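# Understanding the architecture of this molecule
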Amino acid sequence: MIWNPDKECMSREEMRTLQGKRLHKMVDYVYHNVPFYRHKLQALGILPDDITTIDDIRKLPFTTKQDLRDNYPFGLQAAPMSEIIRVHASTGTTGKPTIVGYTRHDIGVWSECMTRCLSAYGVTRDDIFSVAYGYGLFTGGLGAHYGVENLGAAVVPASTGNSEKHCRLICDLGITGIACTPSYALYLAETMERLGIKREDIHLRIGAFGAEPWTENMRHEIESRLGLKAYNLYGLSEIMGPCVSYECSEQHYSHINEDHFFPEIINPDTLKPLPMGETGELVFTTLTKEGMPLLRYRTKDLCSLTDEPCPCGRTSVRMTPIVGRSDDMLIIRGINVFPSQVESVILSTEEFAPRYLLVVDRVNNLDTLQVQVEVRPEYFRGADFDTLAPLEALEKKLEKKLKSVLSISAKVQLKAPGTIERSQGKSKFVIDKRHIK
Ligand code: DLL
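These lines cover the structure that appears in this document, whether it is placed above or below. Just so we're clear, the structure is a prediction, and the values are computed from it rather than from any experiment.

What follows is about the pairing of strand 11 (residues 280-286). The element strand 11 is extensively covered by neighbouring structure, given that 7 of its 7 residues are classed as buried. Both strand 10 (residues 261-266) and strand 11 contribute to a ladder of 6 bridges, which runs antiparallel. When the bridges of strand 11 are listed, P263 appears paired with F284. With 4 bridges connecting them, strand 11 and strand 12 (residues 297-303) associate as antiparallel partners. Residue pairing for strand 12: F284 is matched across the bridge by Y297.

Set out below in structure tokens:
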């Protein structure tokens, strides 16, 4: 079902007119409420009245994750704190998270956009829908939750962890829909098999999967093991959370809620906009956000856009699946991890040399992270490296620190000085064995 045909099926001209009006309002709003943007616009000699159509967006400056970091925690917030009713956080590149504040209006827009996604997947008021994204600072849990409630289906806030109990509930309550990362869906399938729950015992029919890249092969595997139809759900905290784009029944790319989030594709090196169909970095401008509006935010996600009509009747621009990143961010168990975060933890611990290697793998459908790191020669005494108790304590110390910074567990493997391979050219800090691209 199309939840909001007025917006989802607007003619292209109407949509562009609406986007132009909203962009003008947005630029005026940030000019008067966010000194960071006022200074940037002033430096470019741009006044809000210079922005009248959506094509004028190309005159505006870009915003990066570094800008968010430099203005931590609330520097890019436009609304006064008295208007903020929710705060989420996402991973920063070196430890400081990105903080996003939402006004009541923002939470309303988020719920509406998330409801459009669920509706496109075929969720109805009769469904019992389990949300198994993490609840908390991560936007996945509460973001999906509000959409399900707004649609009128029954939400089961399962969150992550406690997988056995969750599997039993799926079976006992006759849960019909689920939202989680695609890798967690496979893990749940495996848990059910272990518990002896068969496909005939469960009634799942729809899955809303995202927060990490996934392939057609994964889609087929999830669908055949859980007996449901698996749909893509895309989003990012800086722009809103889950709800930015969604697949319809055609499952041919994801419709963008572009009356709220205006997409562009740029060449990440020249920053020049690319035409429809060309792959580059996805950039979003929020058109209606009050809490932390962003102009031309560089997502670092690589994909392309199409405005060809979709047989489903929606007229919105669609994005292809994410084919990679223009930075080195990894997504491990749905959590964003930057090698630079690991590096900053290592460098803040005097026993370690700045020589490390991250090994990411997928074991029984769960992502694993191993951090190999060299111990400084002065801390590395003796020949039999592996059996030295003080080094074990050191290992545990680093694991604890990494867990608190990354929010996921990493297995640390200490290495003797000089044993992590030095490369001739570019240093290789990450080995990703998962083959999900
Ligand atoms: O992952 C929001 C979300 C929650 C989306 C639940 C979908 C479902 P962040 O933690 O800020 O927000 O991470 C955003 O995750 O820039 C992409 O690199 C990646 N990502 C999110 N959805 C998808 C997807 C949430 N469907 C970053 N396919 C984004 C591929 C995705 N990558």
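Let us keep going from here.
Further remarks concern the layout of surface pockets. A volume near 330 Å³ is recorded for the second largest pocket. Every residue lining the second largest pocket is counted, 20 residues in all, and those nearest its centre are R16, R58, F262, P263 and M276. Secondary structure elements with two or more residues in the lining of the second largest pocket: helix 2 (12-33) and strand 10. Among the elements that take part in the lining of the second largest pocket, strand 10 stands out by supplying 4 residues, more than any other. Among the residues forming the lining of the second largest pocket, the class breakdown is 11 nonpolar, 1 polar and 8 charged.

We now examine the site of the ligand. Taken together, 23 residues sit near the ligand, with A211, N232, L233, S237 and D301 positioned nearest. A distance of 2.5 Å separates an oxygen atom of the ligand from a polar atom in the side chain of S237. In this structure, R325 approaches the ligand through a side-chain N or O atom, which is 3.3 Å from an oxygen atom. With the chains in place, 97% of the 610 Å² that the ligand exposes on its own is no longer accessible.

To continue, consider the packing of aromatic side chains. Scanning all chains against the criterion turns up 7 aromatic pairs. Between Y184 and Y187 the ring centres are 6.1 Å apart and the planes differ by 25 degrees, which places this aromatic pair in the stacked class. Taken as a pair, Y184 and Y187 lie in helix 8 (residues 182-195) at a separation of 3 residues, close to a single helical turn. Judged by relative accessible area, which is 9%, Y184 ranks as buried.

On to the side chain of S90, then. Mapped onto the secondary structure, S90 falls in strand 1 (residues 84-90). By relative accessible area, which is 10% here, S90 ends up buried. Side-chain polar atoms of S90 contact the side chain of K65, separated by 3.3 Å. Among residues more than four places away in sequence, those in contact with S90 are K65, P97, T98, S237 and E238.

Turning next to the packing of helix 8 against helix 9 (residues 216-226). Where helix 8 contacts helix 9, the two axes come as close as 10 Å, and the packing angle between them is 30 degrees. Relative to helix 9, helix 8 is oriented so that their crossing is left-handed. Counted together, P182, S183, A185, L186, A189, E190, M192 and E193 of helix 8 and M218, E221, I222, R225 and L226 of helix 9 form the full contact between these two elements. Among the residues forming the contact of helix 8 with helix 9, the class breakdown is 8 nonpolar, 1 polar and 4 charged.

In this section: the sheet that holds strand 7 (residues 229-236). Pairing in this open sheet of 9 strands is mixed, and the strands run 4-3-5-6-7-8-9-14-13 from one edge to the other. Edge positions in the open sheet fall to strand 4 (154-156) and strand 13 (305-306), since each of these has one partner strand only. Relative to strand 7, strand 6 (residues 206-210) runs parallel, the two being bridged by 5 bridges. Paired with F209 across the two strands is N232, which belongs to strand 7. Most of the contacts of helix 8 go to strand 5 (residues 177-180), to which it runs at about 125 degrees, and overall it touches strand 5 and strand 6.

Among the structural elements, L295 can be located in the loop between strand 11 and strand 12. According to the relative accessible area criterion, L295 is buried, its value standing at 0%. Residues L295 and F62, spaced 233 residues apart in sequence, show a C-alpha to C-alpha distance of 6.3 Å. When residues no more than four places from it in sequence are discounted, the contact partners of L295 are M26, V27, V30, Y37, L60, P61, F62, T63, F284 and T285.

So, about the sheet that holds strand 20 (residues 411-415). Taken in spatial order, the 4 strands make up an open sheet running 20-19-18-21, and their pairing is mixed. Lying at the two open borders of the sheet, with one neighbouring strand each, are strand 20 and strand 21 (430-432). With strand direction ignored, the average angle separating the axes of adjacent strands in the sheet is 15 degrees. Taken together, the 3 bridges between strand 18 (residues 352-363) and strand 21 define a ladder with parallel strand orientation. Within strand 21, the position partnered with L358 by the bridge is V430. Of the strands in this sheet, strand 18, strand 19 (366-375) and strand 21 touch helix 10 (residues 339-347), which is tilted by about 140 degrees from strand 18.

With that out of the way, let us pick up helix 8. Compared with an ideal rise of 1.5 Å per residue, which puts 14 residues at 20 Å, helix 8 spans 20 Å between its outermost C-alpha atoms and is within 8% of the ideal. Residues of helix 8 that are buried: P182, S183, Y184, A185, L186, L188, A189, T191 and M192. Where helix 8 is buried, its residues touch helix 7 (163-172), strand 5, strand 6, helix 9, strand 18 and strand 19. Of the residues trailing helix 8, G196 is marked for its positive phi of about 80 degrees.

Definitions and cut-offs
Residues numbered from 1 in each chain as written. Predicted model: local features only at pLDDT ≥ 70, side-chain atom pairs only at ≥ 80, totals over all residues. Heavy atoms only, no water. Buried < 20%, exposed > 50% of the residue type's maximum accessible area, 1.4 Å probe, protein only. Helix = DSSP H or I, 4+ residues; strand = E, 2+ residues; numbered from the N terminus. Pairing = 2+ DSSP bridges. 1 Å grid on protein atoms, 1.4 Å probe; cavity = no way out; pocket = protein on both sides within 12 Å on 5 of 7 lines; lining within 4 Å. Points joined across faces, edges and corners; volume = space filled by probe spheres on them. Nonpolar A, V, L, I, M, F, W, Y, C, P; charged D, E, K, R; others polar. Near = heavy atom within 4 Å. Polar contact = N/O pair within 3.5 Å; in protein donor to acceptor, adjacent residues only side chain to side chain. Areas by Shrake-Rupley, 256 points an atom, 1.4 Å probe, with all protein chains shown as cover. Phe/Tyr/Trp six-rings, centres within 6.5 Å; stacked < 30°, edge-to-face > 60°. Contact = heavy atoms within 4.5 Å. Axes fitted to C-alpha atoms, helices over the stretch in contact; angles between N-to-C directions. Left-handed = near helix turned anticlockwise from the far one by under 90°. Expected span 1.5 Å × (residues − 1).

Keep in mind that these numbers describe shape and distance, not what the molecule does.
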